[in-house]
Amino acid sequence: MDITVNGEEKRFEGEVSVAGLLTALALEPKKIAVERNLEIVPKSLYGETELADGDKIEIVQFVGGG
Amino acid sequence: MSEMFEVAGRKLSSRLIIGTGKYETYQQNAEAAEAAGAEMVTVAVRRVNLTDKDKPLLVDYLDPEKYIYLPNTAGCFTAEDAIRTLRLAREAGGWNLVKLEVLSDQKTLYPDMEETLRAAKLLIADGFEVMVYCSDDPVYARKLEDAGCCAIMPLGSLIGSGLGIINPVNIRLIVEQSSVPVIVDAGVGTASDAAVAMELGCDGVLMNTAIAEAKDPTLMASAMKHAVIAGREAYLAGRMAKKRYADPSSPLAGLI
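This report concerns the structure included in the present document. Please read these numbers as outputs of a predicted model, since none were measured by experiment.

1. Re the environment of Y140 of chain B
Residue and element names in this part refer to chain B. The topology assignment puts Y140 in helix α4 (residues 138-147). Its relative accessible area of 21% is what places Y140 among the partly exposed residues. Remark: the alpha-carbon pair of Y140 and I152, spanning 12 residues in sequence, is separated by 9.9 Å. In this structure, Y140 is in contact with M113, E114 and L117, ignoring residues within four places of it in sequence.

And the structure:
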């Protein structure tokens with residue numbers, strides 16, 4: 001399964017949920033937000049939201065800004 | 001002075017809101033925020049860096065439990081971009097209070113008021129509490145307030161320019177007509193600019209570059225804190241009338 005995460009191509013074997021993706025990327029769910037194909041994935045649904053081939057994922061966080 | 005300032009139901013004792021961009025380090029940023037006495041800070045929403053995960057995180061230096069995070073839409077040039085960004089911010093942080101800015105071009109970063117108003121209406125309909133960066137046009141400021149924005153934040157001058165309050169007449173018009181807080185956002189260069197904004201009757205000042213690009217950001221943050229307090233107190237005290245000629249301070253009676 002090929003997905004795009006923050007503009008980078010990533011390949012995963014088998015089924016992967018949003019929670020699984022975050023674990024694979026070593027990201028703490030508390031500090032981020034996830035968008036899947038332009039739709040926000042609520043934190044409560046990370047476990048049950050399965051990714052599909054071709055998905056475009058954006059993972060964002062707060063950074064310094066004015 | 002214990003006078004509180006309220007925006008969107010949140011009571012603040014500091015009228016100085018600071019940005020968190022352009023600092024050399026988040027540590028320096030945290031020291032400046034402390035020196036400024038700020039209780040609210042603006043933050044941006046950006047992609048997580050997947051290749052360098054050891055990069056320091058803002059939340060580890062400026063605790064979101066201690067500071068009210070005000071997510072912005074810096075870099076957004078359409079209402080849709082801004083709404084997408086703030087929905088992500090709401091999911092990341094879990095709160096509805098945001099700073100909306102929809103810009104027109106890279107050279108001036110001047111707010112696109114037509115898009116800003118459109119975005120504000122969509123965000124408010126979606127449950128957001130919108131503090132809005134805007135031009136110093138009193139007509140648009142009124143429209144933004146009528147749309148339900150919880151704070152009107154006109155520019156003093158262009159973002160990052162440090163040119164100060166270049167249209168005090170318009171800022172005062174906006175202050176006089178508004179029933180929600182008016183916060184000068186952008187353009188402050190040094191402490192006297194912040195004092196001028198407050199003397200005009202603004203409820204607060206939001207700044208980033210003036211502190212971050214000072215030679216000593218922590219000292220400038222402290223200067224800004226005092227300037228905002230001084231300007232506020234001067235506004236409340238009511239300044240003397242200006243006169244064209246001298247008026248002696250010592251009595252004329254009893255002159256030898």
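2. Observations concerning the packing of aromatic side chains
Residues and elements named next belong to chain B. Under the definition given, this model contains four aromatic pairs over all chains. Their ring planes at 40° and their centres at 6.0 Å tell us that Y26 and Y61 sit as a pair that is tilted. Here the residue Y26 occupies a position in helix α1 (residues 26-36), and Y61 occupies one in the loop between β4 (40-47) and β5 (68-71), the gap between them amounting to 35 residues. For Y61, a relative accessible area of 35% puts it in the partly exposed group. Geometrically, the ring pair formed by Y69 and W95 is edge-to-face, given 6.2 Å between the ring centres and 85° between the ring planes. One end of the pair, Y69, is in strand β5; the other, W95, is in the loop between α2 (79-93) and β6 (97-100), and 26 residues separate them in sequence. On the accessibility criterion, W95 (23% relative accessible area) is partly exposed. A cation sits over an aromatic face here: K99 above Y133, 5.7 Å from the ring centre. Above the plane of the ring of Y140 lies K143, whose end atom (NZ or CZ) is 5.3 Å from the centre.

3. Some words on helix α8 (residues 217-237) of chain B
All names here are of chain B. For α8, built from 21 residues, the straight-helix expectation of 30 Å at 1.5 Å per residue is met to within 8% by its first-to-last C-alpha distance of 30 Å. If you check which residues of α8 are buried, you get P217, M220, A221, M224, A227, V228, G231 and R232. Along the axis of α8, the buried positions cluster into a sector of 125°, meaning they face one direction only. The exposed set on the far side of α8, more than 90 degrees from its buried face, consists of L219 and A237. Of the residues flanking the end of α8, it is G238, one or two places downstream, whose phi is positive at about 80°.

What counts and what doesn't
- Residues numbered from 1 in each chain as written.
- Chains lettered and ligands numbered in written order.
- Predicted model: local features only at pLDDT ≥ 70, side-chain atom pairs only at ≥ 80, totals over all residues.
- Heavy atoms only, no water.
- Helix = DSSP H or I, 4+ residues; strand = E, 2+ residues; numbered from the N terminus.
- Buried < 20%, exposed > 50% of the residue type's maximum accessible area, 1.4 Å probe, protein only.
- Contact = heavy atoms within 4.5 Å.
- Phe/Tyr/Trp six-rings, centres within 6.5 Å; stacked < 30°, edge-to-face > 60°.
- Lys NZ or Arg CZ within 6 Å of the ring centre and 35° of its normal.
- Expected span 1.5 Å × (residues − 1).
- Arc of directions from axis to C-beta.

Interpretation in functional terms is not warranted from these geometric data alone.
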